[in-house]
Amino acid sequence: MSPSPSRRRVLGLLASGLGWLASMPLARPAKAAVKNLLASAGLPPGYDPTKHQWLICMDADKCIGCGSCVDACKLENKVPQSSGYFRTWIERYIIKKPAPGSTALRGEAVVDSPNGGRRGFPPTLVPREEILKAFFVPKLCNLCEHSPCSQACPVGATFDTPDGVVLVDPTYCIGCGFCIQACPYGCRFMNPETHTAEKCTLCYHRITRGLRPACVEVCPTQARIFGDLKNPTEKDPLQEFIHKNKVFTLKPHLGTEPRVLYANIDKEVR
Amino acid sequence: MQSSRVPPQLVRLILLVLLILGTYAIARVNLTPKTFGQYGHYRGAALDEAAARQLVFAGTKACNECHDETFAKLAKDRHKNVGCETCHGPSRAHARNPDVTTQKLTGEFCVRCHVADPARPAAQKQIKLHEHFPSDSCIGCHVAHQPNQSK
């Protein structure tokens, strides 16, 4: 058996530990200075997150399901290329006519999203005469006011920013996946390379520089409407959208208070 | 005199408690990130890190700086609200250095928006691929920047 550590040794260890802790205030600025030299700047100068409130809304009547947004999002945010990882995607809803003789108002809803709709949609297998109605719904993070993902995160790695975005801090994320289960809209995934949770950031690097999110930039029909609620422009498309349309949120019964508003969706949309 | 002195074991206990509390205080001050609590109960620097990503799409404004002639043409026709990068692809690299070319355009891009699908809004111009001149390329007849014109 080894002899128990002497009092001198224990005190020495304690003192060196305290010395290491006390030296940290010096080490941190040095580390930050090196980091600043290597990396490009973060928030652009003059950008104050408390002076903005960003929002994206969807007009399902305008979506043509071309998949440009899905493709652009993957490229802009370096989302893993393989199928199954999406920060935004498109769903095709096909509502069938009720079976002849039945008293149902409408038939089954056939929903598909092959590869997130990234390269458009193949012809549907539902014969045209059986279709009651059909439409596309673009999906992304619903930017909930009471976000279940932030509440589920055990380490506080997910949070709401003052400018209305729900972000993940990858240096805090431990990759437990609770937030992925907690999100009722299926908007999160585990990045297979970094093993941290990932989601739509509303292209935070773009909106802070006065650009629109990549999906909004490439949408050919303006089905995605983006704007700043705190700084409305003269003919603000977002204000116009909110005033002109009857809007819905997804799964309102869950009390998540999504900020993303949808116009012209139907009761089958979840 | 003897009875009023603080017992030595109590002194040791108080010192130990002070040492533990002191260590905790020093650890808390030093290990909490500097920007923690700047905006809320999280690291404020996480916002900087989220904003530090490289841009890939340049945005239509950047295209307009050089290609204003194409913009003038486009503004008169049905594709006026279609962003440049919807078809030409991510162009930030091209905007910074014109020698870098944008993605090659093929008929696949036309078809992505214009092939018939029951879920598409009726106002969208749609074709059935096997009926609408299947052997010809789109740009054989159509001008992409001015879709109302034909060659």
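Keep in mind it's a predicted model, so treat the numbers as computed, not measured.

**Looking at the interface of chain B and chain A**
Okay, so step 1: Each side of the interface is counted separately: chain B has 36 residues, and chain A has 51 residues.
Okay, so step 2: Listing elements by their share of the side of chain B that touches chain A, those giving two or more residues are helix 1 (8-31), helix 2 (45-51), helix 5 (84-88) and helix 7 (107-114) of chain B.
Okay, so step 3: Among the elements that line the side of chain B that touches chain A, the one with the most residues is helix 2 of chain B, at 6 residues.
Okay, so step 4: Of the residues belonging to the side of chain B that touches chain A, the class tally is 18 nonpolar, 9 polar and 9 charged.

**Concerning the confidence of the model for chain B**
All names here are of chain B.
Okay, so step 1: For chain B, per-residue confidence averages 91 on the pLDDT scale, and residues scoring 70 or more make up 98% of the total.
Okay, so step 2: At the low end of the mean pLDDT range in chain B sits helix 7, at 88; at the high end sits helix 1, at 96.
Okay, so step 3: Interface predicted TM-score (ipTM) for the complex: 0.86; the corresponding pTM is 0.85.

**Quick word on the pairing of strand 9 (residues 224-228) of chain A**
Residues and elements named next belong to chain A.
Okay, so step 1: For strand 9, a buried count of 4 out of 5 residues is recorded, marking the element as mostly surrounded by other parts of the structure.
Okay, so step 2: Two elements, strand 1 (residues 54-59) and strand 9, share 5 bridges in a ladder whose sense is antiparallel. For Met 58, the partnering residue across the bridge sits in strand 9 and is Arg 224.

**Looking at unusual backbone geometry**
Residue and element names in this part refer to chain A.
Okay, so step 1: For Leu 202, which is not glycine, the phi torsion reads 60° and is therefore positive.
Okay, so step 2: Mapped onto the fold, Leu 202 is located in the loop between strand 8 (197-198) and helix 5 (204-207).
Okay, so step 3: When the 29 C-beta atoms within 10 Å are taken as the criterion, Leu 202 is described as buried.
Okay, so step 4: Backbone geometry at Glu 257 places phi at a positive 50°, although glycine is not the residue there.
Okay, so step 5: Summarising the element assignment, Glu 257 is placed in the loop between strand 10 (247-248) and strand 11 (262-263).
Okay, so step 6: A residue is classified by how many C-beta atoms lie within 10 Å of it, and Glu 257, with 13 of them, is partly exposed.

**Quick word on the environment of Gln 222 of chain A**
Okay, so step 1: Within the secondary structure layout, Gln 222 of chain A lies in the loop between helix 6 (214-218) and strand 9.
Okay, so step 2: Once the C-alpha coordinates of Gln 222 of chain A and Asp 59 of chain A are considered, the two residues, 163 residues apart in sequence, prove to be 8.1 Å apart.
Okay, so step 3: Non-local contacts of Gln 222 of chain A, meaning those with residues more than four positions away in its chain, are made with Lys 62 of chain A together with Asn 81 of chain B.

Scoring rules and cut-offs
- Residues numbered from 1 in each chain as written.
- Chains lettered and ligands numbered in written order.
- Predicted model: local features only at pLDDT ≥ 70, side-chain atom pairs only at ≥ 80, totals over all residues.
- Contact = placed C-beta atoms within 7 Å.
- Helix = DSSP H or I, 4+ residues; strand = E, 2+ residues; numbered from the N terminus.
- Nonpolar A, V, L, I, M, F, W, Y, C, P; charged D, E, K, R; others polar.
- pLDDT = per-residue confidence, 0-100.
- Buried ≥ 20, exposed ≤ 12 C-beta atoms within 10 Å, placed from the backbone.
- Pairing = 2+ DSSP bridges.

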